[in-house]
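Reading the structure
What follows is the residue order along each chain.
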Amino acid sequence: MADNDGNVTSKDFGVGIAPPTAVFPVKGAQHLDWGMQHRLAAMFDASSGNTVMLAFDHGYIMGPTSGLERLDLVIPPLAPYVNVLMGTRGAFRTCVPPTVNKPICLRATYDASVLFDDMSDGGGVAADIDNAVALDACALAVQTFIGAPGERRSLELLARTVDAGQRCGIPVLGVVAVGKDMERSEKFFLLATRLLAENGANVVKSYYCDGFERVTAACPVPIVIAGGKKLPEGEALTMAYRAIAEGAHGVDMGRNIFQADDPMVMAQAVGKVVHESYTDVRAYEFYLDNKGR
Ligand code: R5P
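Predicted model only: the values in this text are computed from it and were never measured.

About the cut-offs
- Residues numbered from 1 in each chain as written.
- Predicted model: local features only at pLDDT ≥ 70, side-chain atom pairs only at ≥ 80, totals over all residues.
- Heavy atoms only, no water.
- Core = buried A, V, L, I, M, F, W, Y, C linked by side-chain atoms within 4.5 Å.
- Buried < 20%, exposed > 50% of the residue type's maximum accessible area, 1.4 Å probe, protein only.
- Helix = DSSP H or I, 4+ residues; strand = E, 2+ residues; numbered from the N terminus.
- Contact = heavy atoms within 4.5 Å.
- Axes fitted to C-alpha atoms, helices over the stretch in contact; angles between N-to-C directions.
- Parallel < 35°, antiparallel > 145°, perpendicular 65-115°, else oblique.
- Left-handed = near helix turned anticlockwise from the far one by under 90°.
- Nonpolar A, V, L, I, M, F, W, Y, C, P; charged D, E, K, R; others polar.
- Polar contact = N/O pair within 3.5 Å; in protein donor to acceptor, adjacent residues only side chain to side chain.
- Phe/Tyr/Trp six-rings, centres within 6.5 Å; stacked < 30°, edge-to-face > 60°.
- Lys NZ or Arg CZ within 6 Å of the ring centre and 35° of its normal.
- Expected span 1.5 Å × (residues − 1).
- Arc of directions from axis to C-beta.
- Near = heavy atom within 4 Å.
- Areas by Shrake-Rupley, 256 points an atom, 1.4 Å probe, with all protein chains shown as cover.

Residues Phe-56, Leu-85, Val-204, Phe-212 and Val-270 are the most contacted members of the largest nonpolar core, which totals 75 residues. Of the residues forming this core, the biggest block, seven residues, is contributed by helix α11 (residues 263-276). With residues near it in sequence (within four places) discarded, Val-270 still touches Val-52, Leu-237, Val-251, Met-253 and Ile-257. In this structure, Val-26, Met-36, Val-84 and Val-175 belong to the second largest nonpolar core, which totals 20 residues.

And the structure:
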C-alpha cells in the first residue's frame, strides 16, 4: 500500500550516467516494438546472434515422416539442444509438454498433402493469431510458393499473418518452398527471400545455394536455412557451416537432425557450428566422438 511516512529516501539517481544504449542484435529488427523484439531475443542467442530451430512440422503434409513417427518420444529430448521448436499446433498440444520451456515457432498455414504433389493451391490458415497467443508462440511460420501457381494466395496469407502478428507483437517466419521441378539458383533465392522480407517477414527460411553470401546480403532480415532431405552427417554440417560463414543467422533444420544416427549429438554438433564458430570438420569430429554414448 502506498505510504507517505517512513519511506527510505530516494538518492541513487545516477546523475551524469548516460542510459545504456544497446543495439538490438537481430538484423532488421531495430525499429520493432518491444514485444516483437522480446520474442526475437528469445529465438536468437544473445552471444552468437544466431539460432538453431528444430523443424518437426513435416507431418502437416507428409504424415508420419521417418524419425517423427512418435513426436512425443522424439521432440522433448531434443529440446535442450536447440533454441526454438517449430511445429504445428496439433503437435505442440498433443506431444510437447509446455514445461519444455522453449520458444515455439507455430506453423500458421496448411498446404496440400504430398498426395497432390503440387504447389498450385497456396494453402490456407491452419492456426490463427488467437491460437498463436494461446500457445505463447514466439513466431508464426507461413509457407510461400514463389514462382508457382500458389504464389498469389500464399503471399496473401503472409500479408494477413504479418498484419495479425504486428498487432500482437509476434514475428513472422516466411518460408521459401521449393517444388521438385523448380530451380534452386542464386537468382531464385535472391528474388524469393527479398520478396518475403519486403512483404513483412521478420525472418526468412530458405535453402542454401551457390552465391549464398549475396542472398543473405540482399535480404534485410535474418535468413535461416532449411536442411532439406537427409544428407550424411558430415555433409549436413558442411552445409550449415557454409551457410553461417556466408551470412545465415542459423538453421531451421529437421530431417538432418532427427534422422541422424544420433539426433541429440547431431543437434549439438549443429549448435557448435551455429553458435561457437566450429568449422564443419571440427563439428563432425565432435559428432563422431560423441555419437552413441
Ligand atoms: C518446410 O517448410 C518444412 O515444413 C520443414 O519445416 C522444412 O522442410 C525443414 O525441415 P528439413 O530440414 O527437414 O527440410
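There's plenty left to go through after this.
Bringing unusual backbone geometry into the picture now. We note that Asn-101 has phi near 55 degrees; this positive angle belongs to a residue other than glycine. Among the structural elements, Asn-101 can be located in the loop between α4 (89-95) and β3 (104-107). Of note in this structure, Asp-136 is not a glycine but carries a positive phi near 60 degrees. Topologically, Asp-136 is positioned in the loop between α5 (129-134) and β6 (139-144). A residue is classified by how much of its surface remains accessible, and Asp-136, at 58% relative accessible area, is exposed.

A word on the packing of helix α9 (residues 233-245) against α11. Relative orientation of the contacting elements α9 and α11 amounts to 25 degrees, with a least axis distance of 9 Å. One way to sum up the angle between α9 and α11 is to call them roughly parallel. The chirality of how α9 crosses α11 is right-handed. Residues Glu-233, Ala-236, Leu-237, Ala-240, Tyr-241 and Ile-244 of α9 lie in contact with α11, whose contacting residues are Met-266, Ala-269, Val-270, Val-273 and Val-274. Class assignment of the residues belonging to the contact of α9 with α11 gives a composition of 10 nonpolar, no polar and one charged.

To continue, consider the side chain of Arg-107. Note that Arg-107 resides in strand β3. There is a polar contact of 2.6 Å between the side chain of Arg-107 and the side chain of Asp-57. Looking at Arg-107, its side chain comes within polar contact range of the side chain of Gln-143, at 2.7 Å. Apart from residues lying up to four places away in sequence, Arg-107 is in contact with Asp-57, Tyr-60, Met-86, Gly-87, Thr-88, Ala-126, Ala-127, Ala-141 and Gln-143.

The next thing to look at is the packing of aromatic side chains. The tally for this structure, following the rule as stated, stands at five aromatic pairs. For the pair Phe-56 and Phe-92, a centre-to-centre distance of 5.5 Å together with 75 degrees between the ring planes defines the contact as edge-to-face. Within this pair, whereas Phe-56 is found in the loop between β1 (51-55) and α2 (59-62), its partner Phe-92 is found in helix α4, the two being separated by 36 residues in sequence. Residue Phe-56 is classed as buried on the basis of its relative accessible area of 2%. Ring plane angle 45 degrees and centroid distance 6.4 Å describe the contact between Phe-189 and Tyr-207, whose orientation is recorded as tilted. Here Phe-189 is found in helix α7 (residues 186-198), whereas its partner Tyr-207 is found in the loop between β8 (203-206) and α8 (212-218), with 18 residues between them in sequence. For Tyr-207, a relative accessible area of 17% corresponds to the buried category. Grouped by ring-pair contacts, the aromatic residues Phe-188, Phe-189 and Tyr-207 constitute a single cluster. Across the ring face of Tyr-207, the terminal group of Arg-184 is positioned such that the distance to the ring centre comes to 4.6 Å. Directly above the aromatic system of Tyr-278 lies the positively charged group of Arg-282, at a separation of 3.7 Å from the ring centroid.

Glancing now at α7. A rise of 1.5 Å per residue sets the reference length of α7, with its 13 residues, at 18 Å; its end C-alpha atoms lie 18 Å apart and thus fit the reference within 8%. Along α7, the residues that are buried comprise Phe-188, Phe-189, Ala-192, Thr-193, Leu-196 and Ala-197. Angularly, the buried residues of α7 cover 145 degrees about the axis, an arc narrow enough to put them on a single face. Residues of α7 that are exposed and point more than 90 degrees away from the buried face comprise Lys-187 and Glu-198. Looking at the buried side of α7, the elements it contacts are β6, α6 (151-168), β7 (172-176), β8, α8 and β9 (223-226). Immediately beyond the C-terminal end of α7, within one or two residues, lies Gly-200, with a positive phi of roughly 110 degrees.

Take the site of the ligand next. Neighbouring residues of the ligand: 15 residues in total, closest Asp-57, His-58, Lys-205, Gly-254 and Arg-255. With respect to the ligand, the side chain of Gln-143 contributes an N or O atom lying 3.0 Å from an oxygen atom. At 2.8 Å, a backbone N or O of Gly-254 approaches an oxygen atom of the ligand. Contact with the protein chains removes 95% of the 350 Å² of surface that the ligand exposes when unbound.

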